[in-house]
Amino acid sequence: MRRVRITVAFIPVLILFVVAALAPFLRPVLGKRLWVVIAGAPALSCAWFVSQLPGVIENGPMVGGFAVSEALGVDFAWRLDGLSLLFAILVTGIGALVMLYASSYMPGDEKEGRFYSFLGAFMASMLGLVLVDNILLIFVFWELTSITSYLLIGWVHKEQTSRTSALQALVTTGLGGLALLAGLVLLGQAAGTWSLGELISDPARIEAVQNSPLLPGILVCVLAGCFTKSAQFPFHYWLPNAMAAPTPVSAYLHSSTMVKAGVFLIARLNPVFDGVAAWSTTLTIFGGFTMVFAAYMGSRQTVLKKLLAYSTVSSLGLMVFMIGLGAGNHYALTAAMAYLLAHALFKATLFLVAGILTHETGVKDAEKLSGLWRVMPITFFAALFAALSMAGLPGLAGFQGKEFLLKATLDAPSWVWLLWLAAVVGAVWNVMIAFCVGWKPFYGRRVETPVTPHEPPFRMWAGPVTLAVLGIVGGLAPMLFAKPMVEATVASISPPAATESETYHTAAPSGYELVAVADDDGAHAGDGSYSDGHGYPIAWTLDKLLLPKDSKAGIALLSSLGAVGAGLVFFVARATWRRATAPAHNAWSFGPERGYFASLDGVLDFAKWQTKLLQSGYLSRYVLICICATIGLLGLALFRGGGLSALVPAIEQQWSTLADVRVFDGVLVALIFVGAVFTTVFRSRLAAVASLGLVGYAVATVFLVFGAPDIAMTQFAIETLTVIILVLVIYHLPAFLQLSTWRARSLDIVVAAVFGLVMTTLTLLSSSSTVGIAEPISEYFGQWAYLGPGGEAPAGQLTGRGRNVINVILVDFRVLDTMGEIVVLGIAAIGVYTLMKLRTRKPPPGPPSPLNDRDPMEETNVGLRRSSNVHQEQPA
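These numbers come from a predicted model, not from an experiment.

## Overview of the overall build of the protein
Scanning the protein from terminus to terminus reveals 35 helices and five strands. The buried share of the protein, reckoned over its 876 residues, is 48%. Taking contacts inside the protein between residues at least 6 apart in sequence as the whole, the part at least 24 apart equals 76%. Of the roughly 42,500 Å² that the protein leaves accessible, carbon and sulfur atoms contribute 68%.

## A short note on unusual backbone geometry
Going from Phe233 to Pro234, the amide bond is cis rather than trans, its omega being 10°. The phi dihedral of Ala231 is positive, around 55°, even though this residue is not glycine. In this structure, Ala231 sits in the loop between α10 (215-229) and α11 (238-241).

## Examining the packing of helix α4 (residues 82-105) against helix α12 (residues 247-255)
Running from N to C, α4 and α12 point in directions that differ by 170°, and their axes come no closer than 9 Å. In terms of orientation, α4 and α12 fall into the roughly antiparallel class. Note on element contacts: α12 touches α4 through Thr247, Pro248, Tyr252 and Ser255, opposite Val91, Ile94, Gly95, Val98, Tyr101, Ala102 and Tyr105. Counted by class, the contact of α4 with α12 contains eight nonpolar, three polar and no charged residues.

## A closer look at the confidence of the model for the protein
Averaged over all residues, the pLDDT of the protein equals 80, while 82% of them reach at least 70. Here residues 498-549 scores under 50 on pLDDT; set against residues more than four positions off or in separate chains, the count is 101 contacts. Segment residues 849-876: pLDDT under 50, and 22 contacts once partners within four positions in sequence are set aside and those in other chains are kept.

## Remarks on the packing of α10 against helix α14 (residues 277-299)
Packing of α10 against α14 leaves a shortest axis separation of 11 Å and a crossing angle of 25°. It follows that α10 is roughly parallel to α14 by the angle criterion. Our pair here, α10 against α14, has a crossing hand that is right-handed. Packed against α10, whose contacting residues are Leu219, Leu223 and Phe227, the element α14 presents Ala278, Trp279, Thr282, Leu283 and Phe286 at the interface. Of the residues contributing to the contact of α10 with α14, the split by class is seven nonpolar, one polar and no charged.

## Considering a nonpolar patch on the surface
On the surface, a cluster of nonpolar side chains totalling about 520 Å² of accessible area is made up of Phe673, Val674, Val677, Phe678, Val681 and Phe682. Under the relative-accessibility criterion, Val674 is labelled partly exposed at 36%.

## Comments concerning the pattern of salt bridges
In the structure shown here, the tally under the stated rule is 12 salt bridges. Linking Asp81 and Arg79 is a salt bridge whose minimum nitrogen-to-oxygen distance equals 3.2 Å. Exposure remark for Asp81: the relative accessible area of 2% places this residue in the buried category. Between Asp81 and Arg268 there is a salt bridge, with the nearest N and O atoms lying 2.7 Å from each other. Pair noted here: Asp81 is in the loop between β3 (74-80) and α4 and Arg268 is in helix α13 (residues 261-273), with a separation of 187 residues, a long-range link. When salt bridges that share partners are traced, they join Arg79, Asp81 and Arg268 into one network.

## Quick look at the state of the cysteines
In total, this model carries zero disulfides according to the counting rule given. Take Cys626: it sits in no disulfide, and the sulfur closest to it among the cysteines is that of Cys628, at 9.5 Å.

## Remarks on the nonpolar core
Val209, Phe273, Met322 and Met337 are the most contacted members of the largest nonpolar core, which has 196 residues in total. For this core, the leading source of residues is helix α16 (residues 330-361), giving 22 residues. What Val209 contacts, discounting residues up to four positions off in sequence, is Leu187, Ala190, Ala191, Leu199, Leu215, Ile218, Val272 and Phe273.

## Quick look at the packing of aromatic side chains
Summed over all chains, the structure comprises 32 aromatic pairs. On the basis of an interplanar angle of 90° and a centroid distance of 5.9 Å, the ring pair of Phe122 and Tyr252 is categorised as edge-to-face. In this pair, Phe122 sits in helix α5 (residues 112-131) while Tyr252 sits in helix α12, placing the two residues 130 residues apart along the sequence. The rings of Phe115, Tyr116, Phe118 and Trp155 are connected pair by pair, giving a single aromatic cluster. Over the ring of Phe571 we find Arg574, and its NZ or CZ is 4.5 Å from the ring centre.

Procedures and definitions
- Residues numbered from 1 in each chain as written.
- Predicted model: local features only at pLDDT ≥ 70, side-chain atom pairs only at ≥ 80, totals over all residues.
- Heavy atoms only, no water.
- Helix = DSSP H or I, 4+ residues; strand = E, 2+ residues; numbered from the N terminus.
- Buried < 20%, exposed > 50% of the residue type's maximum accessible area, 1.4 Å probe, protein only.
- Contact = heavy atoms within 4.5 Å.
- Areas by Shrake-Rupley, 256 points an atom, 1.4 Å probe, with all protein chains shown as cover.
- Axes fitted to C-alpha atoms, helices over the stretch in contact; angles between N-to-C directions.
- Parallel < 35°, antiparallel > 145°, perpendicular 65-115°, else oblique.
- Nonpolar A, V, L, I, M, F, W, Y, C, P; charged D, E, K, R; others polar.
- pLDDT = per-residue confidence, 0-100.
- Left-handed = near helix turned anticlockwise from the far one by under 90°.
- Patch = residues over 30% accessible without salt bridge, like charges linked within 9 Å, V, L, I, M, F, W, Y side chains within 5 Å.
- Salt bridge = Lys/Arg side-chain N within 4 Å of Asp/Glu carboxyl O.
- Disulfide = S-S within 2.5 Å.
- Core = buried A, V, L, I, M, F, W, Y, C linked by side-chain atoms within 4.5 Å.
- Phe/Tyr/Trp six-rings, centres within 6.5 Å; stacked < 30°, edge-to-face > 60°.
- Lys NZ or Arg CZ within 6 Å of the ring centre and 35° of its normal.

Following this line, the structure appears as structure tokens:
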């Protein structure tokens, strides 16, 4: 492992973010040459990552970064090993080709710069996700991919379909992201580190996680996040709907970025949970079902992008399925990573081809296209070889992954034939889908299309052709790039504690070989596989594969060829197949996607009901709800806390102090009581304000009598201002009318009485209880307000140095609270000053209105007098 102190590997992420931020501003400056910058930045990044591949394979991972907060254990660290390097090359390499494609796909769009900005930010977010080593930073970039994909999926925001699809993707992956955050936090707590590198390379930490009581919660939360991101059943529905995005987004989204983020994290954490039965079983079941189910759903589609979308979901299920089988099965891990690489090549090619077909013909349905190979030979070349690779024909990259897949199912410890059958069935339908996209639009008699088809510009076909050629090279000469990349990736996701055995064979301290090295004549390698004499697995070479010496390899080969043949049969009879399965397909309309919309509608309906109940517009109801809630909470707390048992002693204690009550105190209490009663019975607003002021002045007098003159002065000032303001405001208002029924008033009386009893009980209990209090808080403030206990403060201890305890509390003990209050008052003063400075614009002169000769208040009073004494209160 090589440690680099500076963030070398993270520089491409920063560059891509900068280019994304500048793209809208560069568009007016560079014009049509903008593609050089937006495609050049990821291309150079890809070249740098490719140059690091030999060093990573030979010397192990590169790590680096710097500490952000040592106290919290958070650092900005990155890790460049086989897995992150494979993803980094795919993200930047395919990203550069997609950017080049987009520059010709969307020429002249007024928002072209913004599109490049969103797509570049999406690319940088995914690249950051695969490079960071800190567990918490993984979540940050994870959510950035969700946000940027939301912007891209909803790019055509004027269409309802785009907005709905974007929101669906964001909600589904966002909820999964919240679950993932919880799982990652639990994982960091159980492992005792926030560094993924330390975790996956330290057997002691892995053992601590596997033996932790937090393990079930970690597994549930992490897998929920990964399954939603990578569209595993039952969260698969959002991915086909994401086809509302432009074709460059679809190609990039499905080939190498967001949808593979879940697969990436599952593979990254595989060394941690390797050997945990719940981990492998869950991945195998959900991945296997998703693989078969999505392939079936795709076999019924006719729209080009829908066909490819469901095949992507099936492929993602295949990768998860293989990682689940990877416990002690090197073929399974190899299958997952080899197929991941091949899938990125052929799926990006086919999506770009689908975009070309739609762009050049105006038709999205594959069944309405044919005979295009004559006018689009270059596009046909890319589509054909990408489709053959997806079908798994020998000599192409997709063949390697499918062979490892079938061999891995045959090496499974249990349920062998069921797993093998699932792999074969999924492969059959994917072959059918491949020919529907890569062959159907090009062969046969040419049909008329809304747009006269022709070969697209160079920047549109350069990407598909490049990826198709790489798929051919990866199949015929895997040792050039496919084999070393997959080997390095498998080494990085294999458990660190594995020793030389039938399953793992130590190659170097940094990782494990895929298979043991055989003799020069290609003899048996000792682990159920064969080598070509150079240490390559049998599936990497074509000559030995056609004549396998192992029964399982022979079954895998026959299964693969049989799947291709069966897929061709389904392709020829596709119309019959779709008619025969129509009833079952229609029944599936009640599946998980229906549940998503039902839950979303349920939340909205509940929100409407709750808003209608709580936000009625009536102030009286708001006050009633607040008081009832307070009664319920306080009453429940008093009952459960057993405080009511001390109520009788508290009453007796207070009763015993009645002898100390002076006549003046009784008069004040009587005034408060009388004022409160008369406030509720007076029909005149002025009389009610006067009664309310009597209550306030009596309370202020109580403060004055019991030694709090500053509080009394504040209270007197507030009461005076309140009375003056209320009198000025309501002087011209009409007299009180009876706006509530006797039932409503009866309810108000009951609620007020109960609230008074609850508050009285709470006051009696609090004044007579000292439970849990060493000494009254007033004594603490009294001591520390001036010099501290004993008249002298300890060394280093600050005191208020003030004799007025209230002032010291406000200025020292509650300084932030006081500062906040001053800020609020300042803002209010600015608002009042602004209102006072405003000048009301006079209305233009015009003919006199019939109401101009009458007092508006008189008109209002007349209307009120004509109304009934008992009627419904209108909302404010």
